[in-house]
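Next come the chains, spelled out residue by residue.
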Amino acid sequence: MSKPKMLVVDDEADMADLVAKDGDMAGFDVRSTYTSTDFQNLWRADPPDFIVMDLVMPDLDAVELIMSVRE
């Protein structure tokens, strides 16, 4: 059985890495990124089962990212 996939996006690398580490310990196959553009590319290439994202980022905020995923 494969692990559920989790994608983490946070412009603060330390926070993204901390969340990714916790996700890994919880049994997720974790990928993380620090930009909304990389998030969109990773999401399109292999949609995750679970997303953790920062609400406020310099290029796009979480609401805008959710809307782009929803499309």
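Coordinates for the structure precede this section.
Just so it is clear, the structure is predicted and the values come from calculations on it, not from any experiment.

About the thresholds
- Residues numbered from 1 in each chain as written.
- Predicted model: local features only at pLDDT ≥ 70, side-chain atom pairs only at ≥ 80, totals over all residues.
- Heavy atoms only, no water.
- Patch = residues over 30% accessible without salt bridge, like charges linked within 9 Å, V, L, I, M, F, W, Y side chains within 5 Å.
- Areas by Shrake-Rupley, 256 points an atom, 1.4 Å probe, with all protein chains shown as cover.
- Salt bridge = Lys/Arg side-chain N within 4 Å of Asp/Glu carboxyl O.
- Lys, Arg positive; Asp, Glu negative; His and termini not counted.
- Charge placed at Lys NZ, Arg CZ, Asp CG, Glu CD.
- Helix = DSSP H or I, 4+ residues; strand = E, 2+ residues; numbered from the N terminus.
- Buried < 20%, exposed > 50% of the residue type's maximum accessible area, 1.4 Å probe, protein only.
- Phe/Tyr/Trp six-rings, centres within 6.5 Å; stacked < 30°, edge-to-face > 60°.
- Arc of directions from axis to C-beta.

Novice: Help me out: how do you make sense of a negative patch on the surface in this one?
Specialist: On the surface, D11, E12, D14, D17, D59 and E64 cluster together into a patch of negative charge. By the element assignment, D14 lies in helix α1 (residues 13-25). A residue is classified by how much of its surface remains accessible, and D14, at 67% relative accessible area, is exposed.

Novice: Hey, could you run me through the packing of aromatic side chains in this one?
Specialist: For any pair of aromatic rings, the description consists of the separation of the ring centres together with the inter-plane angle of the planes. Going through the model one piece at a time under the given rule, you end up with 1 aromatic pair. On the basis of an interplanar angle of 25° and a centroid distance of 5.4 Å, the ring pair of F28 and F50 is categorised as stacked. With F28 in the loop between α1 and β2 (29-33) and F50 in strand β3 (residues 50-53), this residue pair connects regions lying 22 residues apart in the sequence.

Novice: Hey, could you run me through the pattern of salt bridges in this one?
Specialist: Side chains bearing opposite charge may pair, as long as their charged atoms lie close to each other. All told, the structure shown has 1 salt bridge when counted by the stated rule. The residue D46 makes a salt bridge to K5 at a minimum N-O spacing of 2.7 Å. Separated by 41 residues along the polypeptide, D46 in the loop between α2 (36-45) and β3 and K5 in strand β1 (residues 5-9) bring together distant segments of the chain.

Novice: Help me out: how do you make sense of helix α3 (residues 62-70) in this one?
Specialist: Spacing of three or four residues puts side chains on the same side of an α-helix, whose turn is 3.6 residues. Within α3, the full set of buried residues consists of A62, L65, S68 and V69. Viewed along the axis of α3, the buried residues span an arc of 120°, placing them on a single side of the element. Turned more than 90 degrees away from the buried face of α3 sit V63 and R70, all of them exposed.

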